[in-house]
Amino acid sequence: MIVTVTLNAALDVTYETPPVSWDGVNRVAAVHRRAGGKGVNVARVLAALGEEVLVTGLAGGATGRAVEQDLEVAGLRHALVPVSGESRTTLVVAEPGGHTLFNEPGPRVAADEFAGFLRTYEALLREARAVVLSGSLPQGLPATTYATLAAFARDRGVPAIVDADGEPLRHAPGGRPAIVKPNAEELARAVRHGDPEEGAESLRDQGAGAVVVSLGAAGVLAVTGEGTYRARMPYAVEGNPTGAGDALVAGLALGLVSPCAWPELLRRAAALGAAAVAAPVAGAFDAGVYEAVHPLIEIV
């Protein structure tokens, strides 16, 4: 079983619209509402690929209940720990040629609430083959949280992937996760290197087993203990990029539980990321695009 951790779970709302008039009245062509947060998106992709997966994290208030209900409708097992604050909503405005994302901060989490989560997390690690730690942290949790959770997993023989930004990403290698997965902008903010390969090597030097950097249309870079690899995409896929990184992380998680050589692992993960762009909402991917792009990805 793969456990995905979403400490700042959300109800994701996507508006599909004609070109937006930001100073006027707009009519929404379609609305999608579903449980979200990066770990939830990863879990959806893994479940679609036939992998046993469980979602854990924190959820509170009416929004938290809506998140749980949607997970149940989707058939995703979950062990969300309740908090007193209200879980957040995110809004994506998807118009022709662009997507705009609005992220609420989420609840403030008390120390005793997080202690309750740690008890659940430790119990789940007994069944886990891999754990994914991803997304923003809610208010009240320290920037070292992902490093702490990765170290918990490592001490119990469970490999962890961390997908984070800012201070949580900067601290993540201290927990010695198997993989750290930033995008190019997140990496630049974390290590202040102009070159992604140098930045990835810096995170490896600090304790990460491997660093996989998503580069958008330029592909994916992986700096690993076995060498450095780049996945070059054959063409750009048009669509909604929200959730593409989560699909890529799902592919990396599969590589932890069903080991394969890095070139094939990276090709599969990059293809899933591209296929997610073609899907209308985060947590989904276009199987046809995946099948079309996978054999054309060049690994160098």
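Heads up: the structure comes first, above all this text.
For clarity, every value in this text was computed on a predicted model and none was experimentally measured. (Residues numbered from 1 in each chain as written. Predicted model: local features only at pLDDT ≥ 70, side-chain atom pairs only at ≥ 80, totals over all residues. Heavy atoms only, no water.)

### Comments concerning the packing of helix α8 (residues 244-257) against helix α9 (residues 262-277)
Interaxial distance between α8 and α9 falls to 7 Å at its minimum, and their mutual angle equals 150°. When the interaxial angle is binned, α8 and α9 end up roughly antiparallel. Relative to α9, α8 is oriented so that their crossing is right-handed. Residues A244, A247, L248, G251, L252, L254 and G255 of α8 lie in contact with α9, whose contacting residues are W262, L265, R268, A269, L272, G273, A276 and V277. (Axes fitted to C-alpha atoms, helices over the stretch in contact; angles between N-to-C directions. Helix = DSSP H or I, 4+ residues; strand = E, 2+ residues; numbered from the N terminus. Parallel < 35°, antiparallel > 145°, perpendicular 65-115°, else oblique. Left-handed = near helix turned anticlockwise from the far one by under 90°. Contact = heavy atoms within 4.5 Å.)

### Some points on the pattern of salt bridges
In the structure shown here, the tally under the stated rule is 10 salt bridges. The residue R267 makes a salt bridge to E264 at a minimum N-O spacing of 3.0 Å. You can see R267 and its partner E264 sitting in helix α9, three residues apart, about one turn around the helix. Take E264: its relative accessible area is 32%, and that puts it in the partly exposed class. Several salt bridges converge on common partners, so that one network encompasses K38, D163 and D246. (Salt bridge = Lys/Arg side-chain N within 4 Å of Asp/Glu carboxyl O. Buried < 20%, exposed > 50% of the residue type's maximum accessible area, 1.4 Å probe, protein only.)

### A closer look at the side chain of D163
Take D163: it is sitting in strand β9 (residues 160-163). Residue D163 is classed as buried on the basis of its relative accessible area, which comes to 2%. There is a polar contact of 3.5 Å between the side chain of D163 and the side chain of K38. The residues touching D163, leaving out its near neighbours within four places in the chain, are K38, L133, S134, G135, K181, E186, D246 and V249. (Polar contact = N/O pair within 3.5 Å; in protein donor to acceptor, adjacent residues only side chain to side chain.)

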